[in-house]
Amino acid sequence: MSQVKLSENYIKDRVKLALNEDLYPYGDITTNLVQNNKRIKFKLISNQNSIIAGILFAKFAFQLIDKKTKFVIKKKDGSSVKKNSVIATIEGKAQSILTAERVALNFLSHISGIATKTNEFVKLAGKKTKICCTRKTIPNMRVIQKYAVRIGGGKNHRFNLSDEYLIKDNHIASSNLKSLVELAIKNKKGRKITVEVDNLNQLKKILGLKFNTVLFDNMNLNSLKEGIKIAKKYYETEASGNINLNNVKKVAATGVNRISVGSITHSAPAVDFKLQY
């Protein structure tokens, strides 16, 4: 798995915001009813097969509530685990653990969910085709979600609108395709240029211009194969549009270099975790 890391300061800042959301303005009024505040020990368990991602988010959720809480990681980010695997142990005051529990599990469930879904696509696509995420992310969560994609074995597409040129159908609808590509080439300043086409006539109009990637959008397999045969001498190739776990293997078999999948970030189901006393 990828060894991509987020800084501890970044993770702590994100977790602090989530804890504030959960505790404002009066704290955990239910847990405050618990009078017996002895130290207890919980196991953090995965209720399903999954790829672990976001374990430090969970750790810091507990430790920002109470720095004396002991959190021992058993499975690091990138670990492939079976159902009922122990991911970590948590030992500390009952009130502290109960207060942090939901924020910790929310982060871990969401981030692991994206990593797990991405890994399913990666395995089906095979080693020759890269699975890439898109900008279809939850606002203010993009860095975390793209981190999860990398942990799952996928690759990151552009992070924002300034990273690279991506000329899409809506740009083409309001202008001339070839002119847009030529203008991007003139102004690229080291940035990559990707051009989306949804038919072979569009591809032929720009063939030979010096850009990086042709993105074939919502094309049937036969047209995609023909397009890749034409474009592969000049460009990296990418496919997108309604690609799912049922058809990704066939799309990868066309020889396309990359497949971009929005669902691995915007629709990945959360992984089910639990604390067990």
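Since the structure is predicted, the reported quantities are computational estimates derived from the model, not experimental observations.

1. So, the environment of Leu108
Examined against the element boundaries, Leu108 turns out to sit in helix α3 (residues 94–125). For the pair Leu108 and Val271, spaced 163 residues apart in the sequence, the C-alpha separation amounts to 7.9 Å. Beyond its immediate sequence surroundings of up to four residues, Leu108 is in contact with Leu44, Ile52, Ala53, Gly54, Ile55 and Phe273.

2. Quick word on the packing of aromatic side chains
For the structure on display, the rule yields 5 aromatic pairs. Through successive ring pairs, a cluster of aromatic residues spans Phe211, Tyr234 and Tyr235. Looking at Lys12, its charged tip hangs above the ring of Phe60, at a distance of 5.0 Å from the centre. Over the ring of Phe159 we find Lys146; its NZ or CZ atom is 5.3 Å from the centre of that ring.

3. A word on the nonpolar core
Where a protein is soluble and globular, its nonpolar side chains tend to be buried together. Leu44, Phe211, Phe216 and Ile259 are the most contacted members of the largest nonpolar core, which has 76 residues in total. The dominant element in this core, judged by the number of residues it contributes, is α3, at 13 residues. Ignoring sequence-local partners within four residues, the contact set of Phe216 consists of Val197, Leu203, Leu224, Gly227, Ile228, Ala231, Thr237, Glu238, Ala239 and Ser240.

4. Focus: the sheet that holds strand β11 (residues 258–260)
Strand order in this open sheet of 6 strands is β6-β11-β10-β9-β8-β7, and the pairing throughout is parallel. Every interior strand has two partners, whereas the edge strands, β6 (130–132) and β7 (165–167), have only one. Geometrically, the sheet is characterised by an average inter-axis angle of 25° between neighbouring strands, direction not taken into account. Pairing between β7 and strand β8 (residues 193–197): 3 bridges, direction parallel. The partner of Tyr165 across the bridge, within β8, is Ile193.

5. Let's talk about the environment of Glu120
Locating Glu120 in the fold gives a position in helix α3. Residues Glu120 and Ser50 lie 70 residues apart in sequence; the distance between their C-alpha atoms is 9.9 Å.

6. Remarks on the packing of helix α1 (residues 8–23) against helix α2 (residues 55–65)
In helix packing, the relevant descriptors are the interaxial angle and the interaxial distance, both defined with respect to the helix axes. Taken N-terminus to C-terminus, the directions of α1 and α2 make an angle of 60°; their axes are 9 Å apart at the nearest point. Our classification of the angle between α1 and α2 gives oblique. The crossing of α1 and α2 is right-handed. Only Leu56, Phe57, Phe60, Ala61, Leu64 and Ile65 of α2 make contact with α1, whose side of the interface consists of Glu8, Ile11, Lys12, Arg14, Val15, Lys16, Leu19 and Leu23.

7. What about helix α6 (residues 177–187)?
Two residues of an α-helix separated by three or four positions point the same way, owing to the 3.6 residues in each turn. Those residues of α6 that sit buried are Leu177, Val181 and Ala184. Summarising the axial view, the buried residues of α6 lie within an arc of 60°, below the 170-degree limit, and thus occupy one face. Buried-residue contacts for α6 involve β7, α5 (169–173), β8 and α7 (200–206).

8. Quick word on the side chain of Thr118
Looking at the element boundaries, Thr118 is found in helix α3. Dropping the residues within four chain positions of it, Thr118 is found in contact with Val149, Gly152, Gly154 and Ile264.

9. Remarks on a positive patch on the surface
Among the surface-exposed residues, Arg39, Lys41, Lys43, Lys67, Lys68, Lys70, Lys74 and Lys93 lie close enough to one another that they form a single positively charged patch. Examining the composition of the positive patch, we find that 3 residues originate from one element, strand β1 (residues 39–46), more than from any other. Tracing the chain through its elements places Lys93 in strand β5 (residues 86–93).

10. A word on the pattern of salt bridges
In a structure, side chains of opposite charge can pair up when their charged atoms sit close to one another. Taken as a whole and assessed by the stated rule, the structure comprises 3 salt bridges. Salt-bridge contacts for Lys168 lead to Glu196; the nearest nitrogen and oxygen are separated by 3.0 Å. Of the two residues, Lys168 sits in the loop between β7 and α5 while Glu196 sits in strand β8, which places them 28 residues apart along the sequence. In this structure, Glu236 engages Arg258 in a salt bridge whose closest nitrogen and oxygen atoms are separated by 3.9 Å. With a gap of 22 residues between them, Glu236 in strand β10 (residues 236–240) and Arg258 in strand β11 connect regions that are remote in the sequence. Under the relative-accessibility criterion, Glu236 is labelled partly exposed at 26%. The exposure class of Arg258 is buried, given its relative accessible area of 13%.

The rules behind each value
- Residues numbered from 1 in each chain as written.
- Predicted model: local features only at pLDDT ≥ 70, side-chain atom pairs only at ≥ 80, totals over all residues.
- Heavy atoms only, no water.
- Helix = DSSP H or I, 4+ residues; strand = E, 2+ residues; numbered from the N terminus.
- Contact = heavy atoms within 4.5 Å.
- Phe/Tyr/Trp six-rings, centres within 6.5 Å; stacked < 30°, edge-to-face > 60°.
- Lys NZ or Arg CZ within 6 Å of the ring centre and 35° of its normal.
- Core = buried A, V, L, I, M, F, W, Y, C linked by side-chain atoms within 4.5 Å.
- Buried < 20%, exposed > 50% of the residue type's maximum accessible area, 1.4 Å probe, protein only.
- Pairing = 2+ DSSP bridges.
- Axes fitted to C-alpha atoms, helices over the stretch in contact; angles between N-to-C directions.
- Parallel < 35°, antiparallel > 145°, perpendicular 65-115°, else oblique.
- Left-handed = near helix turned anticlockwise from the far one by under 90°.
- Arc of directions from axis to C-beta.
- Patch = residues over 30% accessible without salt bridge, like charges linked within 9 Å, V, L, I, M, F, W, Y side chains within 5 Å.
- Areas by Shrake-Rupley, 256 points an atom, 1.4 Å probe, with all protein chains shown as cover.
- Salt bridge = Lys/Arg side-chain N within 4 Å of Asp/Glu carboxyl O.
- Lys, Arg positive; Asp, Glu negative; His and termini not counted.
- Charge placed at Lys NZ, Arg CZ, Asp CG, Glu CD.

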